[in-house]
Amino acid sequence: MSSKKQTIFIFSLVIFWYTSNIGVLLLNKFLLSNYGFKFPIFLTMCHMSACALLSYISIVFLKIVPLQAVKSRAQLAKIATLSTVFCGSVVGGNISLRFLPVSFNQAVGATTPFFTALFAYLMTLKREAWITYVTLVPVVAGVVIASEGEPGFHLYGFIMCISATAARAFKSVLQGILLSSEGEKLNSMNLLLYMSPFAVIVLLPASLIMEPNVLEFTLSLGKQHKLLWLLLLVNSTMAYSANLLNFLVTKHTSPLTLQVLGNAKGAVAVVISILLFRNPVTFIGIAGYTITVLGVAAYGEVKRRYR
């Protein structure tokens, strides 16, 4: 009976994880591209504000995970650096959603392993087995093919998307370098707790400077469409829950299961986005994305075997 309950629990976690991840992605697209809310930096700040508040409640009051203290100013400075890079990746991804379909956005985002391997080599001189680099060829080739067959291709959106993907990989490698000692390692939820306030501090002035009419426009749009406030609240809450559920799924499943679920999640997001937003797709675009996903799956399997 306990085994059955555990299976149901994990299945529920995965469903909620998928719902949060795909939900926040689709809501971002809807707000930034379809709803007329063209302020990706401010939207990201809303996400980070929710993450700061809900992380504090979850860890300090609900005790979902033990609180890990920051032990030095040097460690705090490292977290602030990671937070700045993290801001860049999230903002870049949200900007790209203004110009690109979710399906193509996900295809480009799937190239994260390529950039991770590249930065790991450049920053730490860490070499992988040769077969690992071979599996990255279809990862990149698939995106090149998908770009050729994407009816909604937008150069600026593509640059933002590829930059966000590279920044995400850079943050992952940088985190391994900066927080490498046992005394400084933080689990993902505690890291989010400490990174979020720094992110808000960076994003608030950036939004006011680079999106000068954001407050006036948001208040005006909120008066016309009362639903805006609910959408922003739900969107920001889902941004936090996606991080929390990713942590819980990682904790309760194996690395292989997580890899398979992650690849499937991208495919599910693509299908749902096409059904919702009716963006045109081509056979070449689908083929390119499929090649990328298969390359990512092969990369994950090779990494697991040669670890």
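Under an unreviewed UniProt entry, the name given to the chain is Nucleotide-sugar transporter family protein, and the organism recorded is Melia azedarach.

Another aspect to go through is the overall build of the chain. A tally of helices and strands in the chain yields 12 helices and 0 strands. Counting helices and strands in the order they occur from the N terminus, the chain gives α-α-α-α-α-α-α-α-α-α-α-α. Taken against the 2.2 N^0.38 rule, which gives 19 Å for 307 residues, the C-alpha radius of gyration of the chain at 19 Å falls within 12% of a compact globule. When its C-alpha atoms are laid out on the principal axes, the chain stretches across 55 × 50 × 50 Å. Here the chain holds 307 residues, and the buried ones make up 47% of them. Long-range contacts, defined here as pairs at least 24 residues apart, represent 86% of the contacts in the chain between residues at least 6 apart. Carbon and sulfur atoms make up 70% of the accessible area of the chain, which amounts to about 15600 Å² in all.

The next subject is helix α8 (residues 188–210). Each α-helix winds once per 3.6 residues, and so residues spaced three or four apart point in a common direction. Along α8, the helix axis deviates most sharply at Met195, where the bend reaches about 30°; the proline Pro197 sits within four residues downstream. Along α8, the residues classified as buried are Met189, Asn190, Leu191, Leu192, Leu193, Tyr194, Met195, Ser196, Ala199, Leu203 and Ser207. Check the buried side of α8 and you find it contacts α2 (40–61), α3 (73–99), α7 (155–178), α9 (214–224) and α10 (227–252). If you check the start of α8, you find a side-chain oxygen 3.1 Å away from the backbone N of Met189, and it comes from Asn187.

So, about the packing of aromatic side chains. This structure, assessed with the given rule, holds 12 aromatic pairs. With centroids separated by 5.5 Å and ring planes inclined at 75°, the aromatic side chains of Phe37 and Phe39 adopt a geometry described as edge-to-face. Residue Phe37 is classed as buried on the basis of its relative accessible area, which comes to 0%. Chaining the aromatic ring pairs together yields one cluster made of Phe37, Phe39, Phe42 and Phe217.

Conventions we followed
Residues numbered from 1 in each chain as written. Predicted model: local features only at pLDDT ≥ 70, side-chain atom pairs only at ≥ 80, totals over all residues. Heavy atoms only, no water. Helix = DSSP H or I, 4+ residues; strand = E, 2+ residues; numbered from the N terminus. Rg over C-alpha atoms; globule rule 2.2 N^0.38 Å. Buried < 20%, exposed > 50% of the residue type's maximum accessible area, 1.4 Å probe, protein only. Contact = heavy atoms within 4.5 Å. Areas by Shrake-Rupley, 256 points an atom, 1.4 Å probe, with all protein chains shown as cover. Bend = angle between axes of the 7 residues up to and from the residue. Polar contact = N/O pair within 3.5 Å; in protein donor to acceptor, adjacent residues only side chain to side chain. Phe/Tyr/Trp six-rings, centres within 6.5 Å; stacked < 30°, edge-to-face > 60°.

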